[in-house]
Amino acid sequence: MSTTIAASPSVAPAFVTSSDGTRIGYWRSGSGPPLVMVHGGLADHTTLARLVPLLDSRLTVYAVDRRGRGASGDGRNHAIEREYDDVAAVVHAAARDCGGPVALYGHSFGATCALGAGLRAHGVGRLILYEPAFRGVFDYPAGLLDRVTALVAAGRADEALTVAFRERVGVSAAELDALRALPSWAARIGSAATMPRELRLDATLAFDPAPYTTCTTPTRLLLGEASPAGQRSVVRSIASALPDGRIVVLPGQGHMAQATAPDLVADAVLGFVAEPAGS
C-alpha cells in the first residue's frame, strides 16, 4: 500500500463536492503521506501559510478553504454539520489519492470541524486538534456579537476583525499589528461575511462528549501554555472523552502559534504522524 505522492505546490485549487452540493476548494502541495489541514475562524487557507512549508517537504498537504471563503462555495443554510461533511469530503479525496490513511489537522473553529468530521470520514488515521472552539473558550462581552454583525453589514470588515480579535480572542495590540501585517489579513477581510455566523456558533456550540467515547482514532490536542482557562477546560474535556486523546502543550504560546511559533506546531504534527501505530 503506497502512501507517497509527489506533487508540486498547487497554483490553482482542486475541488470536491460536499453532501449538500457545495463545491469545496483545497490547495495541494508537497509529497509523502497525506495531511488534510483545516483553518480556523475569521480566515481561509492562507492563515496556514507559515505552517505548510514546514510540513510539505515530508507530507502531502491538502489545505482546505472552508465554505463561504477562498475557493469554496457556500450553501443557503449554514450548519456546523455541513462543515463536518465538507472536511470529510476532502479526507475521502486524499484517501483515494494515496490509498492509505489520512492525518487530519484543524485549528480553532477548524479543529471543531475536524473533530466532527472524524466521526463521519472514512480513513482518518491520525487527528490533530489545536484548541477547538466551543462554548466557554472565550468570553463574549455584552453586545459584541451584535456590534460585529453591524460592522460587517456596514462594510467595515477591518474594524469588525479588530473588535473580534481584541475583545473575543484577547490578542494584544502588538499581536494584532503582527496579524494585520501578514498576507492572510486580506483573506480575512474577504471572508468577513462569515464572521457573524461563526462567532455565534462559537459562543453557543457546547462540546457533547457522548458521540466521541467510541472514537478510537489516535488524537493529539495541542494547547498553548498561555491559553486561557476556558480553552484549557475545553481541551481537557475533549481529551477525556476520546479513548486515545492526549494533550500536547506548546510552551510559551497561546491560540496563535501557527503565526507566532509555527515550528512548534510543525514538530508536534510531524512527530505524531510519524509515530508507529499503537505507540
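Peer 1: Help me understand the pattern of salt bridges, please; the structure alone is not making it clear to me.
Peer 2: Note on pairing: side chains with opposite charge can pair once their charged atoms come close. Counted according to the given criterion, the structure contains 17 salt bridges. With a shortest N-O distance of 2.8 Å, Glu 83 and Arg 66 are connected by a salt bridge. Of this pair, Glu 83 sits in helix α1 (residues 80–98) while Arg 66 sits in the loop between β5 (60–64) and α1, and the two are 17 residues apart along the sequence. The pair formed by Glu 83 and Arg 66 is uniform in burial state, with each residue classed as buried.

Peer 1: How do you make sense of the pairing of strand β7 (residues 124–130) when you look at a structure like this?
Peer 2: Here is the key point about a regular strand: its side chains alternate between the two faces of the sheet. The buried count for β7 comes to 7 of 7 residues, which makes it a mostly enclosed element. Summarising the sheet, strand β6 (residues 102–107) and β7 pair through 6 bridges and their orientation is parallel. Across the sheet, Gly 106 pairs through a bridge with Leu 129, a residue of β7. Each parallel crossover has a hand, and the one from β6 via helix α2 (residues 109–118) to β7 is right-handed.

Peer 1: So what exactly am I meant to see when it comes to the packing of helix α3 (residues 144–153) against helix α4 (residues 157–169) here?
Peer 2: The axes of two packed helices give the description: the angle between them and the distance between them. Where α3 meets α4, the axes come as close as 8 Å, and the angle between the chain directions of the two elements is 160°. In terms of orientation, α3 lies roughly antiparallel with respect to α4. When the axes of α3 and α4 are compared, the crossing they make is left-handed. Between α3 and α4, the contacting residues are Leu 144, Arg 147, Val 148, Leu 151 and Val 152 on the first element and Ala 157, Glu 159, Ala 160, Val 163, Glu 167 and Arg 168 on the second. Taken together, the residues of the contact of α3 with α4 sort by class into 7 nonpolar, no polar and 4 charged.

Peer 1: Can you help me understand the packing of aromatic side chains in this one?
Peer 2: Remark: the centre distance and the inter-plane angle together describe each pair of aromatic rings, the angle taken between the planes. All chains considered together, the criterion is met by 4 aromatic pairs. On the numbers, 6.1 Å between centres and 35° between planes, the contact of Phe 165 with Trp 185 is tilted. Here Phe 165 is found in helix α4, whereas its partner Trp 185 is found in helix α6 (residues 184–190), with 20 residues between them in sequence. As far as the burial class goes, Phe 165 and Trp 185 line up, both buried. Ring centres of Phe 207 and Tyr 212 lie 5.6 Å apart, and the angle between their planes is 25°; on these two criteria the pair is classed as stacked. Through a chain of ring-to-ring contacts, three or more aromatic side chains come together here, namely Phe 134, Phe 207 and Tyr 212. One Lys or Arg, Arg 23, reaches over the ring of Phe 15 and ends 3.6 Å from the middle of that ring. Here the basic side chain of Arg 126 rests over the ring of Phe 272, its NZ or CZ set 5.1 Å away from the ring centre.

Peer 1: Which parts of the structure should I look at to understand the nonpolar core?
Peer 2: One recurring pattern in soluble globular proteins: nonpolar side chains tend to sit buried together. Of all hydrophobic cores here, the largest spans 69 residues; its most connected members are Val 36, Leu 104, Phe 165 and Met 195. Counting residues per element, this core draws most heavily on α1, at 10 residues. Leaving out residues up to four positions away in the same chain, Val 36 has contacts with Tyr 62, Val 64, Val 90, Val 91, Ala 94, Val 102, Ala 103, Leu 104 and Tyr 105. Formed by 22 residues, the second largest nonpolar core is a distinct cluster that contains Met 37, Tyr 130, Val 265 and Phe 272.

Analysis parameters
- Residues numbered from 1 in each chain as written.
- Predicted model: local features only at pLDDT ≥ 70, side-chain atom pairs only at ≥ 80, totals over all residues.
- Heavy atoms only, no water.
- Salt bridge = Lys/Arg side-chain N within 4 Å of Asp/Glu carboxyl O.
- Helix = DSSP H or I, 4+ residues; strand = E, 2+ residues; numbered from the N terminus.
- Buried < 20%, exposed > 50% of the residue type's maximum accessible area, 1.4 Å probe, protein only.
- Pairing = 2+ DSSP bridges.
- Right-handed = clockwise from strand over helix to strand, strands pointing away.
- Axes fitted to C-alpha atoms, helices over the stretch in contact; angles between N-to-C directions.
- Parallel < 35°, antiparallel > 145°, perpendicular 65-115°, else oblique.
- Left-handed = near helix turned anticlockwise from the far one by under 90°.
- Contact = heavy atoms within 4.5 Å.
- Nonpolar A, V, L, I, M, F, W, Y, C, P; charged D, E, K, R; others polar.
- Phe/Tyr/Trp six-rings, centres within 6.5 Å; stacked < 30°, edge-to-face > 60°.
- Lys NZ or Arg CZ within 6 Å of the ring centre and 35° of its normal.
- Core = buried A, V, L, I, M, F, W, Y, C linked by side-chain atoms within 4.5 Å.

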